[in-house]
Amino acid sequence: MSRRYALIGVALVLAVLAFEYYFLRPGSELLRDRVNAAYAVMQKDELYLKGAAATGGGIQAVSREVEVLEKRLIAEKSEFLAAARLQGEVSDLAEKAGIKVLTIRPLAASKVNDYRSIPIYFEGNGSIRGISEFLRLIEADGLMIKIDKLGLNITNMQNTKDLKFKIQLSGLAKL
């Protein structure tokens, strides 16, 4: 009888070990793989949501920056009035800088995406300091002005501080 119980006990232990080896371990590894895959998907979704929130904040920051920059555009709607405003602004800045403008004229406007580029050409003379001050004033001006071309020549070899300049610059206006 005790032999029978011992054989039943050994058979029971072998059955438990076989059940664990053939059913529980593969099932637990399969379950572990599913959990890892679900966790990876969850992390990916979490990163996506964080990125979306950061992108939303970035878009708002860029939007505010565009609003600030659009305040620096030429407000006049027609090309003629925009060119006149830009010419007036450039003349005022040249006067502040102490340079003499001899000629100033508008050039043909061009379209740049949702904006219009209003170029003007002017030439004159002045000292290197005056031209330097003019360039500094252009950069600090309330309007968004870009220097497209700049040419400098010495007018008098005896006095190399006197320069003749030719400048083409442009301002942006909203279409």
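Residues numbered from 1 in each chain as written. Predicted model: local features only at pLDDT ≥ 70, side-chain atom pairs only at ≥ 80, totals over all residues. Heavy atoms only, no water.

A. Layout of the overall build of the protein. The helix and strand tally for the protein stands at three helices and five strands. Seen in sequence order, the protein has helices and strands lined up from the N terminus as α-α-β-β-β-α-β-β. Relative to a compact globule of 175 residues, whose C-alpha radius of gyration would be 16 Å, the protein shows 38 Å and is clearly more extended. By its C-alpha atoms, the protein is 130 × 40 × 25 Å across when sized along the principal axes. Buried positions account for 22% of the 175 residues belonging to the protein. Residue pairs in contact within the protein that sit at least 24 positions apart in sequence constitute 63% of those at least 6 positions apart. Treating the 25 positive side-chain charges of the protein as one cloud and the 20 negative ones as another, the clouds have centres 5 Å apart. (Helix = DSSP H or I, 4+ residues; strand = E, 2+ residues; numbered from the N terminus. Rg over C-alpha atoms; globule rule 2.2 N^0.38 Å. Buried < 20%, exposed > 50% of the residue type's maximum accessible area, 1.4 Å probe, protein only. Contact = heavy atoms within 4.5 Å. Lys, Arg positive; Asp, Glu negative; His and termini not counted. Charge placed at Lys NZ, Arg CZ, Asp CG, Glu CD.)

B. Representation of a nonpolar patch on the surface in the model. On the surface, Phe 19, Tyr 21, Tyr 22, Phe 23 and Leu 24 cluster together into a nonpolar patch covering about 630 Å² of accessible area. Relative to the helices and strands, Phe 19 resides in helix α1 (residues 2-70). (Patch = residues over 30% accessible without salt bridge, like charges linked within 9 Å, V, L, I, M, F, W, Y side chains within 5 Å. Areas by Shrake-Rupley, 256 points an atom, 1.4 Å probe, with all protein chains shown as cover. Salt bridge = Lys/Arg side-chain N within 4 Å of Asp/Glu carboxyl O.)

C. Layout of unusual backbone geometry. Positive phi values are uncommon outside glycine, yet Asn 113 reaches one of about 55°. One can find Asn 113 in the loop between β2 (110-112) and β3 (115-127).

D. Region of interest: the packing of aromatic side chains. One pass over the full model with this rule turns up two aromatic pairs. With a centroid separation of 5.6 Å and 75° between ring planes, the pair formed by Phe 122 and Phe 134 is classed as edge-to-face. Taken together, the positions of Phe 122 in strand β3 and Phe 134 in helix α3 (residues 128-140) put the pair twelve residues apart, joining distant regions of the chain. Measuring from centroid to centroid gives 5.8 Å for Phe 122 and Phe 165, while their planes differ by 75°, and the two rings are edge-to-face. Residue Phe 122 is found in strand β3, and its partner Phe 165 is found in strand β5 (residues 162-174); the two are separated by 43 residues along the sequence. Phe 122 sits in the buried class, given a relative accessible area of 0%. Each residue in the set Phe 122, Phe 134 and Phe 165 is aromatic and connected to the rest through ring pairs, giving one cluster. (Phe/Tyr/Trp six-rings, centres within 6.5 Å; stacked < 30°, edge-to-face > 60°.)

E. Structural detail: helix α2 (residues 79-97). Look at α2: 27 Å from first C-alpha to last across 19 residues, which is about the 27 Å you get at 1.5 Å a residue. Taken together, the buried positions of α2 are Ala 82, Ala 83, Leu 86, Gln 87, Glu 89, Val 90, Leu 93, Ala 94 and Ala 97. Projected down its long axis, α2 carries its buried residues within an arc of 165°, all on one side. Exposed positions of α2 whose direction lies more than 90 degrees from the buried face are Phe 80, Glu 95 and Lys 96. Of the surrounding elements, those touching the buried residues of α2 are β1 (100-106), β3, α3, β4 (145-154) and β5. Just past α2, the residue Gly 98 takes up positive phi, approximately 80°. (Expected span 1.5 Å × (residues − 1). Arc of directions from axis to C-beta.)

F. Examining the pattern of salt bridges more closely. Inspection of every chain in the model, using the stated rule, returns five salt bridges. For Glu 133, the salt bridge goes to Arg 136, with nearest N and O atoms at 2.6 Å. In this pair, Glu 133 and Arg 136 both sit in helix α3, three residues apart, roughly one turn of the helix.

G. Looking closely at the environment of Gly 27. Following the sequence through the fold, Gly 27 ends up in helix α1. The exposure class of Gly 27 is partly exposed, given its relative accessible area of 34%. Counting along the chain gives 99 residues from Gly 27 to Gly 126, while the straight-line C-alpha distance between them is 88 Å.

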